Amino acid sequence: MPLDKNWYTEEWAGQGSAISLKINSKVHDEQSTYQRIEIYETETFGTLMTLDGLVMVTDRDNFVYHEMMSHPALFTHPDPQRVLVIGGGDCGTLHEVLKHKTVTLAEQVELDERVTRVSEKFFPELCESNNDPRAKLHFADGIKWVADAKPETYDVIIIDSTDPVGPAAGLFSEAFYKNCFRALRPKGIVVGQSESPLFHADLIRSVQKSFKAAGFRDVATLFFPQCTYPSGWWSATIAGKDAALANFRAQDAAAKTFATRYYNRDIHAAALASPEFLRTR
Ligand code: AG3
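The model shown is predicted, which means the values in this text are computed figures rather than measured ones. (Residues numbered from 1 in each chain as written. Predicted model: local features only at pLDDT ≥ 70, side-chain atom pairs only at ≥ 80, totals over all residues. Heavy atoms only, no water.)

J.: Quick one: what's the story with the sheet that holds strand 11 (residues 218–225), residue by residue and with numbers?
T.: An order of 8-7-6-9-10-12-11 is seen for the seven strands of this open sheet, with the pairing classed as mixed. On the outer flanks of this sheet lie strand 8 (135–139) and strand 11, each paired with one strand and no other. With strand direction ignored, the average angle separating the axes of adjacent strands in the sheet is 15°. Taken strand by strand, helix 1 (residues 62–76) contacts strand 6 (82–87), strand 9 (154–160), strand 10 (184–193), strand 11 and strand 12 (233–240), and its axis lies near 160° from that of strand 9. (Pairing = 2+ DSSP bridges. Helix = DSSP H or I, 4+ residues; strand = E, 2+ residues; numbered from the N terminus. Axes fitted to C-alpha atoms, helices over the stretch in contact; angles between N-to-C directions. Contact = heavy atoms within 4.5 Å.)

This is the structure we're talking about:
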């Protein structure tokens, strides 16, 4: 229920809370084969994209999410060359991945081509690297893509999904993580967005358990603020095929050759600290 017609509101079902952003205008509205894609110009958060009424990206705060979905994984792998992004149709994660000079191939597998086309128009800075010769954009089912991938194809797999409902639900399953495990080369790293620590702690625990059950040796959750997502507090769960996650390339992160606005070596270490209610070790 909107506060008034000049506000966009995402109500957080069952949580008695919501996020509202003051809107100047709605600039795009379409029903794609998969979902409703809407774009708004907000008063203070820049452009906003929602999918089926849920906040995906705003200009103002997407950097936190996209940097935390990519740099911790890439600075944990010793030499990330081949990277797969599942989902991520707005291309913000891809853009961060391509900042790493070691990367020779960054494949993105997004189900809904319309999300990418709309993002190219309304979020040009997220799509800036789409023409990088290392980037390959595929529009296909990520679950099937990973199931069909040759064993030991990728160094890093990033699961930049929507909430675990509808077509994205399978991206939170042990069966999918087993296929990720198989598709990763030795020393491979997988990371998936894992929702709000405050609202979805059970989901985070289940994602951690499923990664372990799928064979990953070390699993950890990264925590970071994301003020326009449910509860304003978000997470990504990272797993190492056969490597310990605490040994990230801290020196390289400290001496990184590209700009970030949130991620740095100390943020990386701090993000790995677990709240008491989610401690696993
Ligand atoms: N990833 C979406 C996270 C889920 C947000 N959930 C919500 N608003 N209820 C977004 C893709 C960004 N590349």
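J.: Can you break down the sheet that holds strand 4 (residues 47–51) residue by residue, with the values?
T.: Within the open sheet, the five strands sit side by side as 1-2-3-4-5. Their pairing is antiparallel. With partners counted over all chains shown, the strands left at the sheet margins are strand 1 (7–12) and strand 5 (54–58), one partner each. With direction set aside, neighbouring strand axes in the sheet form an average angle of 45°. Bridge analysis of strand 3 (residues 36–42) against strand 4 gives five bridges, and the strand direction is antiparallel. In the sheet register, I37 faces strand 4, and the bridge partner there is L51.

J.: Outline the layout of surface pockets, listing residues and values.
T.: In this structure, the largest pocket encloses a volume near 660 Å³. The wall of the largest pocket is formed by 39 residues, among which Q35, L51, S161, T162 and A168 lie closest to the centre. Going through the elements one at a time, strand 4, strand 5, strand 6, strand 7 (105–110) and helix 4 (142–148) are the ones with two or more residues in the lining of the largest pocket. By residue number, the principal contributor to the lining of the largest pocket is strand 5, which donates four residues. The two domains that each donate at least three residues to the lining of the largest pocket are domain 1 (7–58) and domain 2 (62–278). (1 Å grid on protein atoms, 1.4 Å probe; cavity = no way out; pocket = protein on both sides within 12 Å on 5 of 7 lines; lining within 4 Å. Points joined across faces, edges and corners; volume = space filled by probe spheres on them. Domains from an automatic or database assignment.)

J.: Account for helix 6 (residues 201–213), naming residues and giving values.
T.: Taking 1.5 Å of rise per residue, 13 residues should cover 18 Å, and helix 6 covers 18 Å from first to last C-alpha, within 8% of that figure. All of the buried residues in helix 6 are A201, L203, I204, V207, Q208, S210 and F211. Looking at the packing, one finds that the buried side of helix 6 touches helix 5 (174–183), strand 10, strand 11 and strand 12. (Expected span 1.5 Å × (residues − 1). Buried < 20%, exposed > 50% of the residue type's maximum accessible area, 1.4 Å probe, protein only.)

J.: So what's going on with the pairing of strand 4? Residues and values would help.
T.: Within strand 4, five of the five residues are buried, which leaves the element mostly enclosed by the surrounding structure. Burial along strand 4 is two-sided: the face carrying T47, M49 and L51 and the face carrying L48 and T50 are both buried. What sits between strand 3 and strand 4 in their antiparallel hairpin is a turn of four residues, with G46 showing a positive phi close to 70°. In this sheet, strand 5 lies alongside strand 4 in antiparallel orientation, the contact comprising four bridges.

J.: So what's going on with the nonpolar core? Which residues, and what values?
T.: Grouped together as the largest cluster of nonpolar side chains are 43 residues, with contacts concentrated most on L48, V83, V97, I158, F224 and I238. In terms of residue count, the dominant contributor to this core is helix 1 (eight residues). (Core = buried A, V, L, I, M, F, W, Y, C linked by side-chain atoms within 4.5 Å.)

J.: Tell me about the state of the cysteines, and name the residues and values.
T.: What the rule picks out here adds up to zero disulfides. Between C91, a free cysteine, and C127, which holds the nearest cysteine sulfur, the sulfur-to-sulfur gap is 4.1 Å. For the unlinked cysteine C180, the closest cysteine sulfur is that of C91, found at 19 Å. (Disulfide = S-S within 2.5 Å.)

J.: Tell me about empty space enclosed by the protein, and name the residues and values.
T.: Under the criterion given, the structure shown has one cavity of 30 Å³ or more. Looking at the largest cavity, its volume works out to about 30 Å³. Of the residues belonging to the lining of the largest cavity, the class tally is five nonpolar, two polar and no charged. (Nonpolar A, V, L, I, M, F, W, Y, C, P; charged D, E, K, R; others polar.)

J.: Residues and numbers for the side chain of D112, please.
T.: Tracing the backbone shows D112 in the loop between strand 7 and helix 3 (113–122). As a buried residue without a salt bridge, D112 has its nearest oppositely charged side chain in R114, at a separation of 6.1 Å. Beyond its immediate chain neighbours, meaning those up to four positions away, D112 contacts S32, Y34, Q35, I37 and F139. (Lys, Arg positive; Asp, Glu negative; His and termini not counted. Salt bridge = Lys/Arg side-chain N within 4 Å of Asp/Glu carboxyl O.)

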